[in-house]
Amino acid sequence: MCESCGCGEKTLRVEIAEGLLSANERLAQRNRAWFERLGVKAINLVGSPGAGKTSLIEATVKDLRGKRVAVIEGDPETRRDAERLAALGIPVAAVTTGGVCHLDARMVHQAFHDLEAHRPDLLFIENVGNLLCPADFNLGEDLTVVVLSVTEGEDKPEKYPQAFRRAQALVITKIDLLPYVDFNLERLIGLAHRINPTLRVFPLSVKTGEGLPAWLDFLHSLP
Amino acid sequence: MHEASLVSSLAENLLELKRREGGRRIVRFKVEIGELSGVDPEAFRLAYEVLRESLEDLRETEMELSLVPARFQCGNCGQSFSGDYLAECPGCRSLEKIVLSGEELTLREVELEV
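Residues numbered from 1 in each chain as written. Chains lettered and ligands numbered in written order. Predicted model: local features only at pLDDT ≥ 70, side-chain atom pairs only at ≥ 80, totals over all residues.

Caption draft 1: Molecular detail of the overall build of chain B. The helix and strand inventory of chain B stands at two helices and six strands. Here chain B has a C-alpha radius of gyration of 18 Å; the compact-globule value for 114 residues is 13 Å, and the former is much larger. Residues classed as buried in chain B amount to 30% of the 114 residues present. Residue pairs at least 24 apart in sequence account for 69% of intrachain contacts in chain B once pairs closer than 6 positions are excluded. (Helix = DSSP H or I, 4+ residues; strand = E, 2+ residues; numbered from the N terminus. Rg over C-alpha atoms; globule rule 2.2 N^0.38 Å. Buried ≥ 20, exposed ≤ 12 C-beta atoms within 10 Å, placed from the backbone. Contact = placed C-beta atoms within 7 Å.)

Laid out in structure tokens, this is it:
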């Protein structure tokens, strides 16, 4: 533009197509290769605060026989959830994001350095409690699981379609509370399947143990 | 909220490009945001305005945003259609669909002063 006005400035137009998340994507691919090399299945758990992600990991660890489990625990502040899980005697790496609303591939990479020596079969990555932002950030996981409690309302797939689109499984928690809340389980599953027809669905209660065996079988059946 | 992470990754991309091309200043650039990306253009712009206050290199750099509409192709009959993630194929009612566009978060074009 400025070439014609005589001021001597020149402009250069560069055509590119660089994804804004490309740096994270590259790191995620590196994580994936690392997990694959060690034979680790990495599972990214996403869900709102209070959906029951930590409780699901607790219950899973207690009942999952014959698999070595490790956990990366993401929290904006405090290490409380990490301490809760470490009390079960499993290796846990805490990631305190300092207010950031999601985990990214770099955080997971750094955290896994502390866990690698334990040679886990399954790595649970508990994302920051948030159903929106984590959906954009690939961590190099094998599987994304949305954790949703029956107290949250069945319209969540409509409001947060990205998370449901990205996931391979949906765990519906706290189903022991179904008699006390207005929550239409069939409608939720229907909406989730509209967005993602192949989504596996596991309604369960860690309090009563209902539905847990199907979830555990699913984890055992992972290739 | 994660718009803040996105714009800081955008800034890294831009500054890297400036180094690579040897430009003196980035005059303007274009970003495409897909309708399905979950990113709110207003929040994205605000996050950019906040970020560039703190970055000398981008203080006078203009951002142009364009929204990319969502398009799907039916996984069953192949028809293409618009809608959102809940949409079914208007032809055969199938829910199996491939996203053709609408998930973009892309830096497209950068104009540098050299």
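Still more ground to cover, so stick around.
Caption draft 2: Local environment of the sheet that holds strand E6 (residues 143-149) of chain A. Residues and elements named next belong to chain A. Pairing is parallel in the open sheet, where seven strands are placed in the order E4-E3-E5-E2-E6-E7-E8. In this open sheet, the two edge strands, each paired with only one partner strand, are strand E4 (92-96) and strand E8 (200-203). Pairs of neighbouring strands in the sheet enclose a mean axial angle of 20 degrees, with direction left out of account. Of the strand pairs in this sheet, strand E2 (residues 41-46) and E6 are connected by four bridges, and their pairing is parallel. (Pairing = 2+ DSSP bridges. Axes fitted to C-alpha atoms, helices over the stretch in contact; angles between N-to-C directions.)

Caption draft 3: Structural view of the confidence of the model for chain B. Averaged over all residues, the pLDDT of chain B is 94; the fraction at 70 or higher stands at 99%. Overall fold confidence for the complex sits at a pTM of 0.91, while the interface term, ipTM, reaches 0.85. (pLDDT = per-residue confidence, 0-100.)

Caption draft 4: Molecular detail of the interface of chain A and chain B. Each partner contributes residues to the interface: chain A has 29 residues there, and chain B has 28 residues. Among the elements of the structure, strand E1 (11-19), helix H6 (161-166) and helix H7 (185-195) of chain A are those that each provide at least two residues to the side of chain A that touches chain B. Taken together, the residues that form the side of chain A that touches chain B break down as 15 nonpolar, five polar and nine charged. Relative to strand E6 (residues 105-113) of chain B, E1 of chain A runs antiparallel, the two sharing seven bridges. Note on E6 of chain B: the bridge partner recorded for Leu12 of chain A is Leu112 of chain B. (Nonpolar A, V, L, I, M, F, W, Y, C, P; charged D, E, K, R; others polar.)

Caption draft 5: Quick look at unusual backbone geometry. Residues and elements named next belong to chain A. At Arg119, a position not held by glycine, the phi torsion is positive, near 45 degrees. Tracing the chain through its elements places Arg119 in the loop between helix H4 (105-113) and strand E5 (122-126). Located in the positive-phi region is Lys174, a residue other than glycine, with phi close to 60 degrees. Following the sequence through the fold, Lys174 ends up in the loop between strand E7 (169-173) and H7.

Caption draft 6: Inspection of the packing of helix H1 (residues 3-21) of chain B against helix H2 (residues 41-53) of chain B at higher detail. Residue and element names in this part refer to chain B. Across the interface, H1 lies against H2 with an axial gap of 9 Å and an inter-helix angle of 55 degrees. The orientation of H1 with respect to H2, classified from their angle, is oblique. Crossing handedness for the pair H1 and H2: right-handed. Counting all contacts with H1, which are made through Glu3, Ala4, Leu6, Val7, Ser8 and Ala11, the residues of H2 involved are Ala43, Phe44, Ala47, Tyr48 and Leu51. (Parallel < 35°, antiparallel > 145°, perpendicular 65-115°, else oblique. Left-handed = near helix turned anticlockwise from the far one by under 90°.)

Caption draft 7: Examining the sheet that holds E1 of chain A more closely. Strand order across the open sheet formed by four strands is E1(A)-E6(B)-E1(B)-E2(B), with mixed pairing between neighbours. In this open sheet, the two strands that pair with only one neighbour each are E1 of chain A together with strand E2 (62-68) of chain B. The mean inter-strand angle of the sheet, taken between neighbouring strand axes irrespective of direction, is 15 degrees. Along the sheet, H2 of chain B contacts strand E1 (25-34) and E2 of chain B; its crossing angle with E2 of chain B, the most-contacted strand, is approximately 165 degrees.

Caption draft 8: Examining the packing of helix H1 (residues 22-38) of chain A against H4 of chain A more closely. All names here are of chain A. The interhelical angle for the contact between H1 and H4, taken along N-to-C directions, is 30 degrees, at an axis separation of 8 Å. Taken together, the axis directions place H1 and H4 in an arrangement best described as roughly parallel. Between H1 and H4 lies a crossing of left-handed hand. Residue-level inspection shows Asn24, Leu27, Ala28 and Asn31 of H1 in contact with H4, the latter providing Ala105, Arg106, Val108 and His109. The residue makeup of the contact of H1 with H4, split by class, is four nonpolar, three polar and one charged.

Caption draft 9: Examining the nonpolar core more closely. Grouped together as the largest cluster of nonpolar side chains are 61 residues, with contacts concentrated most on Ile72, Val108, Leu123, Phe124, Ile125, Val146 and Val171 of chain A. A per-element tally of this core places H4 of chain A first, with five residues. Not counting residues up to four positions away in its chain, the partners in contact with Val171 of chain A are Leu56, Val145, Val147, Phe202, Leu204 and Trp215 of chain A. Judged by nonpolar contacts, the second largest core, of 19 residues, contains Val7, Leu10, Val31 and Leu107 of chain B. (Core = buried A, V, L, I, M, F, W, Y, C linked by C-beta atoms within 7 Å.)

Caption draft 10: Layout of the pairing of E1 of chain B. All names here are of chain B. Two strands pair when backbone bridges link them, and E1 and E6 are joined in this way by eight bridges, in the antiparallel orientation. By the bridge assignment, Arg28 is partnered in E6 with Glu111. With seven bridges joining them, E1 and E2 adopt parallel strand pairing. Within E2, the residue paired with Lys30 across the bridge is Glu64. In this view, the connection linking E1 to its parallel neighbour E2 by way of H2 has right-handed handedness. (Right-handed = clockwise from strand over helix to strand, strands pointing away.)

Caption draft 11: Spotlight on the environment of Ala59 of chain A. All names here are of chain A. Relative to the helices and strands, Ala59 resides in helix H2 (residues 53-63). With 20 C-beta atoms counted inside 10 Å, the residue Ala59 sits in the buried group. Separated by 157 residues in the primary sequence, Ala59 and Leu216 place their C-alpha atoms 9.8 Å from one another. Ignoring anything within four residues of it in the chain, the contact list for Ala59 reads Val206 and Leu212.

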